[in-house]
Structure formats: C-alpha cells, structure tokens
Amino acid sequence: MTSSFFHGSAICEVDRDGTVSIPDFLADALAGEDAELMVARHEADDCLIGYGREYLNELRTRAEARRLADETRGEDARNHYRRMRRTFGAVEKLPRAGATMRIPAAMRHLGKIGALALFVGAGDSFEIWNPDLAIENADEQFRDLAAFRMKTLRGDLSGSALS
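Because the structure is a prediction, the values reported are computed rather than measured.

Turning next to the sheet that holds strand β7 (residues 100-102). Across the sheet, which stays open at both edges, the three strands sit in the order β2-β7-β6 with antiparallel pairing between neighbours. Of all strands in the sheet, those bounded by a partner on one side alone are β2 (19-21) and β6 (96-97). By the bridge criterion, two bridges tie β6 to β7 in an arrangement that is antiparallel. Following the sheet pairing, R96 is matched in β7 by M101.

Attention now goes to the confidence of the model for the protein. The predicted structure's coordinates, where accompanied by low pLDDT, should not be read in detail. For the protein, mean pLDDT is 88; residues scoring 70 or higher make up 93% of the total. Between residues 159-163, whose pLDDT stays under 50, and residues either more than four places distant or in other chains, the model counts five contacts.

On to the packing of aromatic side chains, then. The tally for this structure, following the rule as stated, stands at four aromatic pairs. On the basis of an interplanar angle of 50° and a centroid distance of 5.2 Å, the ring pair of Y51 and Y55 is categorised as tilted. Assessed through its relative accessible area of 2%, Y51 is described here as buried. Residue classification places Y55 among the buried residues on the basis of a relative accessible area of 11%. When the ring of W129 is compared with that of F142, the centres are 5.0 Å apart and the planes differ by 55°; the resulting orientation is tilted. One end of the pair, W129, is in strand β9 (residues 126-129); the other, F142, is in helix α6 (residues 140-154), and 13 residues separate them in sequence. Take W129 and F142: they sit in the same class, and that class is buried.

Quick look at the side chain of D70 now. Locating D70 in the fold gives a position in helix α2 (residues 55-72). Taking the relative accessible area as the measure of exposure, D70 reaches 6% and is therefore buried. In terms of polar contacts, D70 uses its side chain to reach the side chain of R83, at 2.6 Å. When sequence neighbours within four positions are dropped, the list of residues in contact with D70 reads E75 and R83.

Its 18 residues place the ends of α2 26 Å apart at the C-alpha level, agreeing with the 26 Å of an ideal helix rising 1.5 Å per residue. Looking only at α2, the buried set comprises Y55, L56, L59, A63 and D70. Take α2 and look down its axis: the buried residues cluster within an arc of 95°, on one side only. Turned more than 90 degrees away from the buried face of α2 sit E71 and T72, all of them exposed. Buried residues in α2 make contact with β4 (48-52) and α3 (78-89). Backbone geometry just downstream of α2 places G74 in the positive-phi region, at approximately 80°.

How each quantity is defined
Residues numbered from 1 in each chain as written. Predicted model: local features only at pLDDT ≥ 70, side-chain atom pairs only at ≥ 80, totals over all residues. Heavy atoms only, no water. Pairing = 2+ DSSP bridges. Helix = DSSP H or I, 4+ residues; strand = E, 2+ residues; numbered from the N terminus. pLDDT = per-residue confidence, 0-100. Contact = heavy atoms within 4.5 Å. Phe/Tyr/Trp six-rings, centres within 6.5 Å; stacked < 30°, edge-to-face > 60°. Buried < 20%, exposed > 50% of the residue type's maximum accessible area, 1.4 Å probe, protein only. Polar contact = N/O pair within 3.5 Å; in protein donor to acceptor, adjacent residues only side chain to side chain. Expected span 1.5 Å × (residues − 1). Arc of directions from axis to C-beta.

Here you go:
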C-alpha cells in the first residue's frame, strides 16, 4: 500500500458494532490491495487516523527523530515515552470484510464516533471524524466540507449538484 494516497471525503453510517461501508475514495485507494489497516487517535485533532500497517515504520522513524531532537534540547525523556504509548499502544486493527470495515469500540470511544462518521483523505493516511466535531473545527474550509457532506446525507441541497 506504499503507493496509495487517500484523497476525497464521505459521510458514512456506522452501525452499533462499528461496521461501516468503505467510502468509495478509500475503496479506490485500496483497490487490489489486501494491506491491513490500522486506526488510532489522531495526535493533534479530535478524530481518528487510519493508515496501512506499513505506515507504522514511518511513525517509528518520525518518533526517533523527534526523540533525538528533544534529547538535544534537554527535554524530559518521559515525553518520548508518552508519545510512543499514544502512537503504538493505542492502535487497533481496522478489520475489513468485503465492502465494509469495523471501527473497534475503543477507537469509536476515543474518536467520539456515533451513528455517523466523516471520512477524509489526508494523503498517506485518512481521518475519521465525528461530523459534529468536524463542523466545529477551526479550519473554515474543512468546516464547510463537513457541513456540505452532512447536507448531502440529508438530501437538503436544494438543487445543488452533488459530488
């Protein structure tokens, strides 16, 4: 999955056990690949982040570079271990079955995911948002996208073309 890039967005319904239809943009990025997907709490935003298992190596490399930079500045080593626990300890598999996947309960809790999830491509990863939190985000363009996707879901675009 090293050549896959995730781009696009979609609102999806999430059932009680966390099963969700794989959005088209995500299915396109994963076409022909059986790579294992992982999901974790996003480090900076109030959402989840999903990626292929091989991306864990990139995260390890970034964490080590950050540790060395922190060490050079004389920062407390505990910050590194806290980051490592967040990055690797609070990660779960995102099981796929055909055209669906299941967001694990702990991840739904951490991402505040309820009956709806906004999936957003982020290049080498993708995000899973509670749409209500996305609409409150500080990024105006992202808020507008989330509001549009919610309106699309409800079908109240008053004649606008859907994408």
